[in-house]
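# Structural overview for review
Here's the letter readout for the chains.
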Amino acid sequence: MAPRHQLSRDPAAAWAPYAPDAARPWTLARASHLYRRAAFGARAEDLVRALAGGPEQAVAELLAPPGDLTAFDRARDADETAACRSGRSDAVRDWWLRRMILSPHPLRERMALLWHAHFALDAAQVKEAPAVRRHVALLREHALGSYRSLVEAMVRDPALLASLGAAASRRGQPAEGLARALLERWTVGAEHCAEEDVREAARAFTGTFVRGDEVIHVAREHDGGVKRVLGRTGPFTGEDVVQIALAHPATAETVVRRLWRAFVSEVEEPAPALLAPLARSFAAGLDLGRLAGTILRSSLFFSDAARGQRITSPVELAVGLVRSLEGLIATSTLARDLDRLGQRLLHPPTARGWAGGPAWIDRVTLLRRQALAAALLAEGGAYGGRLDPREVAARHGHADVNAAADFLADLLLPEGGEAVRSAARAELSRGAPGEALRRFAIAIARSPEYQLS
Amino acid sequence: MIPTRREFLEVALGATGALSFGAAQPGWLRRLPGRAAPGAGETALVVVQLSGGNDGLNTVVPYGDDEYGRHRPTLRLAERELHKIDDHLGFHPRLGGIAALYRDGLASIVQGVGYAGSDRDHGPALRAWHTADPAPGRETGWLGRVADAAQGPEHDDTPVMFVGPIAAPFALNATRAVVPAIGSLAELAVDAAPARPAEGGAEGAERSLLAHVRRTERAAQALSEAVARARDARSRVEYPSGPFAADLFTVARLIRAGAGIRIFCTELGGEGFGGFDNHANQLGNHCALLQQLSAAVSAFLRDLEAAGLLDRVLLMTFSEFGRTLAENGRRGTGHGAAAPVLLAGGRLRGGLLGVHPSLTDLDQGAPRPHTDFRRVYATVLEGWLGLPSEPVLGGSFAPLPAFAG
Amino acid sequence: MLCELLLVAGPLLRAPLAAPPAADDLTDWLPADPLLVIEAPRPRALFEPLLDAELAAVVTSLPPWQAWAASPEGREFWNVVRTLEATLGLDWRTALARLAGGGAVLAVAPPESLLLVLEAEDADLLLRLHTILLGFARAEAAREGDASRLDPVRHGDVEVWSFDGKEVHAIVGNRLLFANRREGLVAALERRAASPGARLAGAEGWRAARATAGPDAAVRLYADLARLKENPGFARGLEEGRANPLAALLFAGIVEAMREASWLSAGLAVADEGFVLRAVVDGAADDPASPAAFARPDPADAPALPSLAVPGRLAAIGLHRDLHGFYAAKDELFPERTSSLIFFENMMGIFFTGRDLTDEVLAETRPGVRLVVAEQRHDPAAGVPEVRIPAFAAVLALRDAGEFGEVIEEAWQKALGLVNFTRGQDALPGLILDRGEQNGTKLTIARFSTAGIDDRAHLPPRFNYSPTLALPQNHLVLSSTEGLARDLVDALARGAGAGPEAGDQDDRVELDGAGIGAALAANREALVRSNMIDEGHTREEAELEIGALLALIGFVDEVDLRVGRRGATTGARLDVHLRRPAAPAPAGPRDAAPR
C-alpha cells in the first residue's frame, strides 16, 4: 500500500490521473480547487456539474468547453477591434479583463494570462493599440495549442518585437533583445545558453524589421554567414534558431516548470526527477493542452500537498470573485485598482513578468486587496454594487440569510476557513439581509485564506 | 493514491526536505537595520525628485564669479537679494527657509554632482539617476532594489513608498516587491477585519504561504492603525499650500506615527518633462518652484524637530541634470550636467561638500560634475540607512563625509 | 401669481380671521435666518408639463423609467399610488396639483433644520389624505403594539403629528407644515404668532434677492452665501475653481463674484416651449487690481462678440477675456509650476523665437475669445473615421494682423514641423502641409494622408483632424479642421450681422441640442462600448442607457446661457428651448413592449 514509498520511488505515480476513492473522495473542496487554479474561480453551476460528472469530465470540459465558442469569440473580437481602432490605449487591457470575466473558456484566458507573464510584452513600447490587441489574440489562439506555434507567432509579432527593442535588426547592428528572450526565457533558459549563443542567434535574426503593423524581412540586411548556436553550426536564419531552441531538451523543462508554478506550486521547487516524465512526453509534440490536462488530472494536483501553494495574483483574485458571483463590473476601474496591487496588465515590471508568489502580498498590497474586495462587493461606490451576493444565493435557491451565507461560503471558500466563516457570520446579525450578505462576502474575500489558491 | 504533503515534498525535493520558500532571497540585507522595534529609533530617508533638470547655478548661486553675471543677462540674481553662504556663493532669494536650515547646521550642499557622459536628454538622464546606472538597459531602480532585497517572504514590511500625485518614478521599479505609490493617506485606511478566534498552532514559525499572509495581515492592521493615527495628527508647524508641501506633510505624519517605512520618495515639478525644465522665461517660473521647495522642506524639518524626530530623518534632492551657464536667447537655459544636491536633516555635519564647479572649464556650455551621483547614493545607503551600498549600486562608491560624529 | 396676490391681500384678510389664518405669505412661517429657501409661488406652472399626456408618454417610454417601473421598488411605489388614487377617487396628477397648487416653500436653517410648508387648493383633500395615511401608520403601529405613538401632541390649538417618531407635521387650515425636527415646527408655529419683525419677510438681503428672481418665476431660490461659505466644503469648491488654469480662465469673474457675494437668488420661469432660469449674486468682481480683472476687460477695448454662424454648429462660446491680462497674472492665479505649463512656455519660446509670451505675443491680441464647435462633414470617398469627433476652433481678434500675422504663421509652421518630427520618431504618420485660399484669405492646412489605407470606412481617430490656421479680417482662426476654418472665414467676412449690441459684455454659451444629439448618435457604437467597459454593463444595458441619454438630449432644442454684470450684481440667464419628439424615443428593444 504505502503510497508515500511508492511515489518516492516512482514520480510517474504522482502524475497518474486522480481517481476518487473512499480515502480521497471527489468533494466540493477538490472541485473548487480545480476551478480556482484553472478557471479563476468556480461558479455555482460549475461546481454542481463538476461534482456530478467527476474529475475526469470536469478537466475535459475545462480544456474543451462544450457548446459553441465561436459566437462568443466573434462578438468579443468585433468589440475589441473597434475599441482599439478608436484609439484608447488602455482599451486592450479593459476588454481583456472583461473577456476573462465572461469567457465560457476560462482556462484559455488563464493560460493566455500565463503566456503574457512569460513573453512579458510591455505595451508602453508599442505605439498602436491594435498591435497590442493582436498580440493578446495570439496568446489566446495558441494558449492551449502547440508551444511551437506559439513561439513561432511570437518571434514575428510586431508588438512583441517593438517591446523587445528588436524593431530593426541590421546586419551591422544585430538587435539582441529577441534572441536573448528566446534563448534565456522562452526556451532553453539562461543556464543552458552562453552569451555567445545569444550573440550568434541575434545574427540569425538580422534583416527583421517592424514596418507599421507587420514584420518584414530585408534580405540585404540579413547576415547569411555561419553561426554556432546551442552546439549546432550552420548559416542559420531566425526560423532555424527557433527550431533548434525548441528541439533542445531544456525547452520542455522550461515550459513544464512554468505550468508547475501556475497549477501546482509557486513555493515548492520540484526535483528534476519529478518533472522528467512530463518534460519527456511534452517534448514529443510540444502540446500545451495535453500538458495542462496531465497536470490538472493528476493525483498530485488533487493531493492535499498541492493545496494553498499559490497566492492568487491580483487579476485572478478580482476576476475570480466577479466570476463566482456571476457579475460583470467596470473593467476600466478594475484595471486601475489592479495597477495598485502590483499587476499592471500589459505593463509588467521587468521582462521576466511578475515575480508572483509571496511577493504579491505585503502589508500595503494586502490592505489594498482588502479594500478592493470591499469595493467590489459594496452596495455603491466605484463599482456601483453590481455584484450582489444575496441575489446570486437567491438565484440558486437560497433565499434565507443563513442558507445564503452557507452557500456563499461554500462557493468562495469551501475548505480550510472555519474560523473565517464563523467570524464572517457575525456580520449577518446587523442590517438588512442584502447588506449583511455583502458584509459576509467581504469578510470572506478579504481573509488570508481567500488570498491563496 | 494521492500523495500527502510529506510525500509530495519528498518527491519534489528528494531527501533534503528543505523548503525553497524564500530561497530566492539574496543573503545580504534580509532586513533593514533598526527594523526590530518598529517606530523606535528607525531612520527614514526622503528622496525628492526635482523633475526637469534644476538650474543649479540659480539655486546655489556663484555670485562671486564674474562669469556667472556675464553669461546671464536676464537670469542673473542680484547679490544683495541672495542668502549668502560665503563670499562666493549664496542661496537663491526664494530659498530663505533652506538657507536658515543651512545656518542651523541642518542642511548640507553637495556640489558638482552628476556623471560623465550624460547625453543630456531627459529620459535617459532620469533613467540613469533612477537605475543608478548611466548605461541603458537596467530594468530595476535603485530604491526598487533596496525594496526587493529588504522585503522577503518572512518580511511583511513595506520598506519603500512613493508619495505624490504622479506615477511612481522608475527608481522604485522592483523585480519582486510591489512598491506602493499613494496620493493620500486615505488610500491606506481600511476598516479592521472582523475579529477571528486565534488560529491554532505556532504559525509564527510556520513557513507556509498561509502563515505568511496571516503574519502580513497583522502587520497590515498595525500599519492601518498607524495611518489612522497619522490622519488625525495635527502639526504645530504650518505647511505652505500646494501639493508638494502636502506630500511632505503626509510623509511627516507617517514618520511620526511610526508606520515603519524607511524610504519615502516624492517629487516636485510634475510628470512629463518636469517644471524645472526652463528653456524659456525661467526667472519667474524657477522662483515659484524654489519657493515651494524651500517652504515645504523647511516646514517638514521644523515639524519633525518639534516632534523630537529630527535626528531620524534625512532628506535629499536630486534632478536629472543641471543647466547651461549661458542663456539661450529665450530667457531660459539648456540642459547641462553637474548640479548641487541638497541634504537636510538632524545628524548632518553641515556646510558644503566639495567645491563649486568651474565656470570657465565647461563641457558643452555647462559646469562639469566632479562627484559621481552614486557617491551620494552610497552616502545615504551606508551612512544613513546602514546598508551595504555595493549590491544596490552594482559597484563600489566611496561615501561622502556628510554626517556628524 | 397666486402667492403674490395673497401677499398683497394678506394684511387685509388676516385681521378678521380667527386661527387658523388662511391667507398670508407662506414665508411668514420661515425662520428669519435661513441658509436656503426654495419657493414655488406658482406650482401650477410646474404641474402642467406633468399633466401633458404627450410629454408623459415620451417620458414613460424612456428605458430608465421603464426599468424603474419594473423594479420591485417601482412596483411597490405604483401600488401605493394606485391604492391612494382609488381611495381618493382622483388620479395622482390631479391630486398632486390640488394638494400643492396653492404654493410651497422649503427652508433649510442651521442646525440641519428643514421646514416645508404646502398650501393646498383643496383643504378637504389634504385632510382626507392625512386621515388615510394616518390609518396606515396606526395599523402598522398597532401590529407592533404601540398604537399610541401616533397620537398628536397639541401646541396651542394646533395638533402636531409624527408618523415615524422623527418627522413632525401639522395641518393649519389649508396648510401642511412639515419639519425634520419637532423644535423646528414648534418654532414655526410660534413665529406666526410673534411680531412681524422676527420674520424672514423683513430681512433685507432676502428682499433684495427675491426682487431679482423675476416676476414670472414659478420657482425661486434664495441662498445665504455669506453663511454657506463658512462651510469648508463649499469654500474649497470655490478655491478649486482657481487652482486649474483652464477653470480660472473659464470661470473667472463668476468665482470672484461668488466670493464677494452675500446672497444668491434664482428664478425659474416655465413657458410653453421651454424654460428660463435666472440667477443673480450680489457681487460684481469689478476691482481692477484683482488678478481676475482680465475677465472684465475695459469695454472700450473689448469688442462685443457676435456669435459666429457656421453650418452644422453645435456650440458657440464667447468669453470677454483679456488673455494678456490673464497670463500676466499667472503668478497670483496659479502659483504652481506644472510640467504642462513649463512645456507650454518652452514651446511658445521656440515657436515665437524667444518673444516674451505675455508682453510680445499675447499683448497683440484684443480681449475676447470665441470658440466654435461644429459637426464635421466627411466625404465617404475620402474616408470616415471610426470615432467621429466634431471640429472645433478658436477665434481671437488681433491688434494688427498685418504686422503680427507672419509671426503667427511662422510659429504655427514651427509647431507643425515639431509635431511631424516627433511623430516620425515614433514611426507614426505625419501631417502634409498645404496652402489653400478661402474668400481671399490664405489658409495654412495640415492633413493626414489615406494613402495605403484600404478600409476607409473605419479610419483611425487622427482623421478627425486637419489643423488649419487662417488670419481673416484682423482675426486669428485656429481650427481643428480645414472645413471649419473655411466656414469661419466666410462667417467673419459676412460681418457681425444681428449680433449683440456694442458694449454688451456678457459671456455667452449657445448649444444646439439637435446637433449635439446627432453628433453623439453618430458615435453611438463607441459610446455603447465605453459604457460597457466603464460601467460594467452588458451590451443590452449599455444600449439602453445610451439610448436614454440620446432620447433626453432629443428634448433639448437650443440652450443659450449669458453671464455678465448687472449693475452691482452678477447675473446669469439660461434659456432652454425644449421640443417634443413626435414619436417615442428611438431604438432600444423595450420600445416594442406594450405600455
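Everything numeric in this text was worked out from a predicted model, so none of it was measured.

Looking only at helices and strands, chain B has 10 helices and 16 strands in total. Counting all 405 residues of chain B, 60% fall into the buried class. Carbon and sulfur atoms provide 51% of the accessible area of chain B, an area that totals close to 14500 Å².

What follows concerns the overall build of chain A. Helix and strand counts for chain A come out as 24 helices and 4 strands. Relative to the compact-globule value of 22 Å for 453 residues, chain A shows a C-alpha radius of gyration of 23 Å, a close match. Seen along its three principal axes, the alpha-carbon backbone of chain A occupies a region of about 75 × 60 × 45 Å. By residue count, 62% of the 453 residues in chain A fall in the buried class.

Bringing the nonpolar core into the picture now. One finds Leu 34, Trp 115, Phe 119, Tyr 147, Trp 186, Leu 259 and Phe 263 of chain A to be the most contacted residues of the largest nonpolar core, which totals 144 residues. Counting residues per element, this core draws most heavily on helix H14 (residues 249–264) of chain A, at 9 residues. Filtering out sequence-adjacent residues up to four positions away, Trp 115 of chain A remains in contact with Ala 120, Leu 139, Ala 143, Tyr 147, Leu 150, Val 255, Leu 259 and Leu 288 of chain A. With 70 residues, the next largest nonpolar core counts Ile 98, Ala 99, Phe 264 and Val 297 of chain B among its residues.

To describe a pair of aromatic rings, you give the distance between the ring centres and the angle between the ring planes. All names here are of chain C. Counted by the stated rule, this structure contains 28 aromatic pairs over all chains. Taken together, a centroid distance of 5.3 Å and an interplanar angle of 80° make the contact between Phe 77 and Trp 78 edge-to-face. An angle of 85° between the planes, with centres 5.4 Å apart, marks the rings of Trp 206 and Tyr 222 as edge-to-face. In this pair, Trp 206 sits in helix H9 (residues 204–211) while Tyr 222 sits in strand E8 (residues 219–224), placing the two residues 16 residues apart along the sequence.

Residue and element names in this part refer to chain C. Counted residue by residue, strand E2 (residues 103–109) has 5 buried out of 7 residues, so it is predominantly covered. Across 5 bridges, the pairing between strand E1 (residues 36–40) and E2 is antiparallel. Paired with Ile 38 across the strands is Leu 106, a residue of E2. The pairing of E2 with strand E3 (residues 113–119) spans 7 bridges and is antiparallel. The residue bridging Gly 103 from the neighbouring strand is Glu 119, located in E3. Connecting E2 to the next strand, E3, in antiparallel fashion are 3 residues, including Glu 112 with a positive phi near 50°.

In this section: H9 of chain C. Residue and element names in this part refer to chain C. Residues of H9 that are buried include every one of Trp 206, Ala 209 and Arg 210, and no others. All buried residues of H9 fall inside an arc of 95° around its axis, so they share one side. When the buried face of H9 is taken as reference, the exposed residues oriented beyond 90 degrees from it are Glu 204 and Ala 211.

All right, on to the packing of helix H6 (residues 91–102) of chain A against helix H7 (residues 106–119) of chain A then. Residue and element names in this part refer to chain A. Running from amino to carboxyl end, H6 crosses H7 at an angle of 145°, the nearest separation of the two axes being 9 Å. Side by side, H6 and H7 meet where Trp 96, Arg 99 and Met 100 of the first sit next to Arg 108, Glu 109, Ala 112, Leu 113 and His 116 of the second. Split by residue class, the contact of H6 with H7 holds 4 nonpolar, 1 polar and 3 charged.

Under the counting rule described, the total for this entry stands at 83 salt bridges over all chains. Residue Arg 331 of chain B pairs with Glu 360 of chain C through a salt bridge whose shortest N-O separation is 3.3 Å. Of this pair, Arg 331 of chain B sits in the loop between strand E10 (323–327) and strand E11 (333–335) while Glu 360 of chain C is found in helix H17 (residues 357–361), placing the two residues in two different chains. Since its relative accessible area comes to 34%, Glu 360 of chain C is described here as partly exposed. One salt-bridge network, held together by shared partners, links Asp 73, Asp 77, Glu 80, Arg 99, Arg 108, Glu 109 and Arg 140 of chain A.

Taken together, the contact pairs 21 residues of chain B with 17 residues of chain C. Contact with chain C buries area across many residues of chain B, yet Asn 285, Arg 330 and Arg 331 of chain B alone supply 34% of it, more than any other trio. At the junction of chain B and chain C, the tally comes to 1 salt bridge. For the side of chain B that touches chain C, the per-class residue count stands at 5 nonpolar, 12 polar and 4 charged.

We now examine the packing of helix H5 (residues 72–88) of chain C against helix H7 (residues 123–143) of chain C. All names here are of chain C. Their axes nearest at 11 Å, the elements H5 and H7 cross at an angle of 130°. As far as their axial angle goes, H7 and H5 are oblique. Along this stretch, H5 crosses H7, giving a crossing that reads as right-handed. Where H5 abuts H7, its residues Leu 84, Thr 87 and Leu 88 lie against Leu 125, Arg 128, Leu 129, Ile 132 and Phe 136. Classifying every residue of the contact of H5 with H7 gives 6 nonpolar, 1 polar and 1 charged.

With that settled, the discussion passes to the side chain of Glu 167 of chain C. Residues and elements named next belong to chain C. Here Glu 167 shows up in the loop between strand E5 (158–161) and strand E6 (168–172). There is a polar contact of 2.7 Å between the side chain of Glu 167 and the backbone nitrogen of Phe 163. Dropping the residues within four chain positions of it, Glu 167 is found in contact with Trp 161, Ser 162, Phe 178 and Ala 179.

The next thing to look at is the pairing of E5 of chain C. All names here are of chain C. Examined bridge by bridge, strand E4 (residues 153–155) and E5 share 3 bridges and lie antiparallel to one another. In the strand pairing of E5, Val 153 is matched with Val 160. Hairpin connection, E4 to E5: the antiparallel pair is bridged by 2 residues, and Gly 156 has positive phi, about 60°. Pairing of E5 with E6 involves 2 bridges; the strand directions are antiparallel. Each bridged residue has a counterpart across the sheet, and for Val 160 the counterpart in E6 is Ala 170.

As a further point, take the confidence of the model for chain B. Do not read the fine detail of predicted coordinates wherever pLDDT is low. Residues and elements named next belong to chain B. The pLDDT averaged across chain B works out to 86; a share of 84% of its residues lies at or above 70. The low-confidence segment residues 12–40 (pLDDT under 50) makes 61 contacts with residues lying over four places distant or belonging to another chain. In this model residues 201–205 is a low-confidence stretch, pLDDT under 50, and it forms 5 contacts with partners more than four residues away in sequence or in other chains. As a predicted assembly, this complex carries a pTM of 0.86 together with an ipTM value of 0.92.

This brings us to the sheet that holds strand E2 (residues 60–61) of chain B. Residues and elements named next belong to chain B. Strand order in the open sheet formed by 3 strands is E2-E4-E3, with antiparallel pairing between adjacent strands. The open sheet has two edge strands, E2 and strand E3 (83–84), and neither has a second partner. Relative to strand E4 (residues 90–91), E3 is paired through 2 bridges, and the arrangement is antiparallel. Its bridge partner lying in E4, His 83 is registered against Phe 91.

Turning our attention to helix H5 (residues 142–150) of chain B. All names here are of chain B. Along H5, 9 of the 9 residues are buried, which leaves the element largely enclosed by surrounding structure. If you check which residues of H5 are buried, you get Trp 142, Leu 143, Gly 144, Arg 145, Val 146, Ala 147, Asp 148, Ala 149 and Ala 150. On its buried face, H5 sits against strand E1 (44–50), helix H4 (122–131), strand E6 (160–163), strand E8 (263–268), helix H9 (373–384) and helix H10 (390–393).

Below, the discussion takes up the environment of Leu 35 of chain C. Residues and elements named next belong to chain C. Structurally, Leu 35 can be placed in the loop between helix H1 (2–14) and E1. With relative accessibility at 19%, the residue Leu 35 sits in the buried group. Here the alpha-carbon distance between Leu 35 and Pro 245, two residues 210 residues apart in the chain, equals 31 Å. Once residues lying within four places of it in the same chain are set aside, the contact partners of Leu 35 are Val 108, Ala 109, Pro 110, Tyr 222, Ala 223, Asp 224, Arg 227 and Leu 228.

Attention now goes to unusual backbone geometry. Even without glycine at this site, Ala 132 of chain B takes up a positive phi of about 60°. A positive phi angle, close to 55°, is found at Asn 439 of chain C, a residue other than glycine. Looking at the element boundaries, Asn 439 of chain C is found in the loop between strand E14 (432–438) and strand E15 (441–447).

Parameters at a glance
Throughout, residues of each chain are indexed from 1 in the direction in which the sequence is written. Think of it this way: whatever chain is written first is A, whatever ligand is written first is 1, and the rest follow in order. In view of the model being predicted, local features appear only for residues whose pLDDT reaches at least 70, and side-chain atom pairs are presented and counted only at 80 or more, with totals across whole chains, interfaces and linings using the full set of residues. Computation of side-chain values covers all heavy atoms of the structure but excludes hydrogens and water. In DSSP terms, a helix is any run of H or I states spanning at least four residues, a strand is any run of E spanning at least two, and both are numbered starting from the N terminus. Exposure categories follow from relative accessible area, calculated using a 1.4 Å probe and restricted to protein chains: below 20% of the type maximum is buried, above 50% is exposed, and the middle band is partly exposed. To measure how exposed things are, a 1.4 Å probe is used in the Shrake-Rupley method; for residues, cover is taken only from the protein chains shown. We compute the radius of gyration from the C-alpha atoms alone; for a globule the expected value is 2.2 Å times N to the 0.38, where N is the number of residues. Nonpolar cores were defined as sets of buried Ala, Val, Leu, Ile, Met, Phe, Trp, Tyr and Cys residues, with membership established by side-chain atoms within 4.5 Å. In what follows, residue pairs with any heavy atoms lying within 4.5 Å of each other are defined as contacts. Here the aromatic set is Phe, Tyr and Trp, taking the six-membered ring for Trp, and pairing holds for ring centres within 6.5 Å; pairs whose planes are under 30 degrees apart are stacked, those over 60 apart are edge-to-face, and all others are tilted. Between any two strands, pairing holds if DSSP finds at least two bridges. An arc is given here, and it is the one of the directions from the helix axis to the C-beta atoms. Under this scheme, a helix contributes an axis fitted over its contacting stretch, all axes are lines through C-alpha atoms, and angles between N-to-C directions fall in the 0 to 180 degree range. Any residue that is not Ala, Val, Leu, Ile, Met, Phe, Trp, Tyr, Cys, Pro, Asp, Glu, Lys or Arg is counted as polar, Gly included; the first ten are nonpolar and the last four charged. Any Lys or Arg side-chain nitrogen located within 4 Å of an Asp or Glu carboxyl oxygen qualifies as a salt bridge. Accessible surface is computed with a 1.4 Å probe, and the buried area is the amount of it that two parts give up when combined, taken over both parts together. Roughly parallel here means an angle under 35 degrees, roughly antiparallel means over 145, roughly perpendicular means 65 to 115, and every remaining angle is called oblique. Here a crossing is called left-handed whenever its near helix is offset anticlockwise from the far helix by less than a right angle, and right-handed whenever the offset is clockwise. Side-chain atoms alone can form a polar contact between residues adjacent in sequence; in general such a contact is a pair of N or O atoms within 3.5 Å, and within protein one must be able to donate a hydrogen while the other accepts it. pLDDT is a residue-level measure of predictor confidence that goes from 0 to 100.

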